[in-house]
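# Breakdown of the fold
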Amino acid sequence: MAIQLVISDVQPATALGLRTLFAGTAGIQIAAVTSLPGDCVRAANARPGSVALVDKAFGAQAIGVVIGELRDIADCIVWGVSASEGETVRFLRLGAKGVLSKTANLDVVVHCVRAVADGLTWTEVRPRPVKARLPRHALTGREREIMDLVGRGMKNREVAGELGIQPGTVKVHLKHIFEKTGVADRYELALAGLIGE
């Protein structure tokens, strides 16, 4: 069965280009093209299980509402000209399944939609699907606490204040977490932690 794709973009020409791109793509069918976030939610409601590609240009507040309303009915990919690591983590925390750059080549856009439809989480900042869950059982209780706080976007000093320890101690724990989990940095740690939720 074809992936039902709902496209919601502020620029009609971009939406038309996407419609053209996906028209010739096997296994993906355009279910709706909208220019308003509310219309995107209504279109996805009519097609449960669809994938919604939503323009970041609608603004953080509107995107947050759309992600929340789509959470149980469609997989949401937020896409925009750019997204920082912090924005990416926030969108994924809200329930988005992907964050994609509008500067991505067409093959990447198609791959992202397919990956999200297959249940993976996609992010362009690290351009690959994120599959693995962290081996939380291998972490100490303190390491799990630190991982969770870093996953909320806290800096070392904030984590230290929250736990009543020194920032240097947080760094040591993070080093051990990276070694045990195989993640490379705080950003990957936050992403992997989100997928494990």
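Read on for an overview of the structure.

### Some thoughts on the pairing of strand E5 (residues 98-101)
One face of the sheet, then the other: side chains in a regular strand alternate in exactly this way. Of the two faces of E5, the one holding Gly98 and Leu100 and the one holding Val99 and Ser101 are both buried throughout. Taken together, strand E4 (residues 74-80), helix H4 (residues 85-94) and E5 constitute a β-α-β crossover, and its handedness is right-handed. One ladder, built from two bridges, connects E5 with strand E6 (residues 121-123); its direction is parallel. Bridged to Val99 within E6 is Thr123. Between the parallel pair E5 and E6, the chain is carried across by helix H5 (residues 106-117), and the sense of this crossover is left-handed.

### Digging into the packing of helix H1 (residues 12-23) against H5
Two elements in contact, H1 and H5, have axes separated by 11 Å at closest approach and are oriented at 75°. By the angle between their axes, H1 is roughly perpendicular relative to H5. Facing Leu18, Leu21 and Phe22 of H1, the residues of H5 in contact are Leu106, Val109, Val110 and Val113. Grouping the constituent residues of the contact of H1 with H5 by class yields seven nonpolar, no polar and no charged.

### Observations regarding the nonpolar core
If you look at the biggest cluster of nonpolar residues, it comprises 22 residues, and the most contacted ones within it are Val6, Val54, Ile63, Ile67, Leu70, Val78 and Phe91. Counting only elements with at least two residues in this core, the list comes to strand E2 (28-34), helix H2 (37-45), strand E3 (50-55), helix H3 (60-70), E4 and H4. Core analysis: the next-biggest nonpolar cluster, separate from the first, contains 21 residues, Ile28, Trp79, Cys112 and Val116 among them.

### Structural notes on the state of the cysteines
Under the counting rule described, the total for this entry stands at zero disulfides. Considering cysteine sulfurs only, Cys76 is the nearest to Cys40, which forms no disulfide, with 6.7 Å between them.

### Some thoughts on the pairing of E4
Within E4, six of the seven residues are buried, leaving the element largely enclosed by the surrounding structure. Note that E3 and E4 share six bridges and pair parallel. For Ser50, the partnering residue across the bridge sits in E4 and is Ala74. Read as a crossover between parallel neighbours, the route from E3 over H3 to E4 is right-handed. Of the pairings in the sheet, the one linking E4 to E5 comprises four bridges and is parallel in character. Across the sheet, residue Trp79 finds its bridge partner in E5, namely Leu100.

### Section: the environment of Val89
Along the chain, the position of Val89 falls in helix H4. With a relative accessible area of 11%, Val89 lands in the buried category. Val89 sits 98 residues away from Tyr187 along the chain, and the two C-alpha atoms are 7.9 Å apart.

### Notes on the packing of H2 against H3
Each pair of packed helices can be described by the angle between their axes along with the distance between the axes. Orientation of H2 relative to H3, taken along the N-to-C sense of each, is 10°, at an axis distance of 10 Å. Classified by the angle between their axes, H2 and H3 sit roughly parallel to one another. Seen from H2, the contacting residues are Pro37, Cys40, Val41 and Ala44; seen from H3, they are Ala62, Val66, Glu69 and Leu70.

Conventions used here
- Residues numbered from 1 in each chain as written.
- Predicted model: local features only at pLDDT ≥ 70, side-chain atom pairs only at ≥ 80, totals over all residues.
- Heavy atoms only, no water.
- Buried < 20%, exposed > 50% of the residue type's maximum accessible area, 1.4 Å probe, protein only.
- Helix = DSSP H or I, 4+ residues; strand = E, 2+ residues; numbered from the N terminus.
- Right-handed = clockwise from strand over helix to strand, strands pointing away.
- Pairing = 2+ DSSP bridges.
- Axes fitted to C-alpha atoms, helices over the stretch in contact; angles between N-to-C directions.
- Parallel < 35°, antiparallel > 145°, perpendicular 65-115°, else oblique.
- Contact = heavy atoms within 4.5 Å.
- Nonpolar A, V, L, I, M, F, W, Y, C, P; charged D, E, K, R; others polar.
- Core = buried A, V, L, I, M, F, W, Y, C linked by side-chain atoms within 4.5 Å.
- Disulfide = S-S within 2.5 Å.

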